[in-house]
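One letter stands for each residue in the lines below.
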Amino acid sequence: MADQPSGAEAPRRFLFLDASARADGNSARLARLAAGSSLPAGAEQRWLRLDEHPLPPFRDLRHTGDGSYPEPAGHERTLLDATLAATDLVFVAPLYWYSLPTSAKLYLDQWSAWMRVPGVNLKARLGGGTLWGVTALATEDDKAEPLIGTLRLTAGYMGMRWGGVLLGNGSRPGEVLDDERAVIAAKSFFAD
């Protein structure tokens with residue numbers, strides 16, 4: 001990810017990407033519990049709600065003109081800069097129809113463009129970082145496998161470490177905090 005000075009370990013910088021369609025939803029509550037309990041000492045954290053940074057639909061320009069993409073602007077620039085500044089990316093994403101919410105998928109789709117913007121070097125800059133997921137679902141855990149697979153494969157493709165997914169069960173607001181197994185797991189989720 002970002003260059004770190006030699007001889008001194010820079011603090012880790014966690015970017016929490018809240019992809020929920022509901023503000024302060026169960027996934028966000030579980031992620032905040034985990035962040036408050038288990039982030040490494042000195043770690044920085046930044047939270048962005050993807051719905052507050054809407055992205056346009058992705059357009060594949062690889063075979064148009066020279067195949068490059070324009071310099072990101074607006075919300076896309078904000079998200080790209082935050083992504084590049086992070087050492088750890090955390091998808092805070094409830095399970096919607098067995099997969100990621102639309103806002104998270106649009107964000108990942110933009111990576112295809114960002115990899116082709118001259119000078120960004122997205123894949124090289126994300127390589128070596130860690131990708132995590134925090135997910136609330138209203139069914140059994142095995143229904144989350146498509147979401148987990150998407151994040152795990154993304155980490156592998158980008159040369160990132162796979163940190164895993166913290167799963168919690170809950171549908172109504174705040175209900176995930178009644179999931180004792182998830183609450184216990186949250187307290188050590190980000191610990192190395």
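The present account deals with the structure reproduced in this document. (Residues numbered from 1 in each chain as written. Predicted model: local features only at pLDDT ≥ 70, side-chain atom pairs only at ≥ 80, totals over all residues. Heavy atoms only, no water.)

If you check helix H1 (residues 26-38), its first and last C-alpha atoms are 18 Å apart, about what 13 residues at 1.5 Å a residue would give, namely 18 Å. Along H1, the residues classified as buried are Asn-26, Ser-27, Ala-28, Leu-30, Ala-31, Ala-34, Ala-35 and Ser-38. On the buried face of H1, the contacting elements are strand E1 (13-18), strand E2 (44-49), strand E3 (88-92), strand E4 (130-137), strand E5 (161-169) and helix H6 (180-186). (Helix = DSSP H or I, 4+ residues; strand = E, 2+ residues; numbered from the N terminus. Expected span 1.5 Å × (residues − 1). Buried < 20%, exposed > 50% of the residue type's maximum accessible area, 1.4 Å probe, protein only. Contact = heavy atoms within 4.5 Å.)

Let us now look at the pairing of E4. In terms of residue burial, E4 counts as a mostly covered element, since eight of its eight residues are buried. Neither face of E4 is open: one carries Thr-130, Trp-132, Val-134 and Ala-136, the other Leu-131, Gly-133, Thr-135 and Leu-137, and all of them are buried. Note: E3 against E4, five bridges, orientation parallel. Across the sheet, Val-90 pairs through a bridge with Trp-132, a residue of E4. Two elements, E4 and E5, share eight bridges in a ladder whose sense is parallel. Following the sheet pairing, Leu-131 is matched in E5 by Trp-162. (Pairing = 2+ DSSP bridges.)

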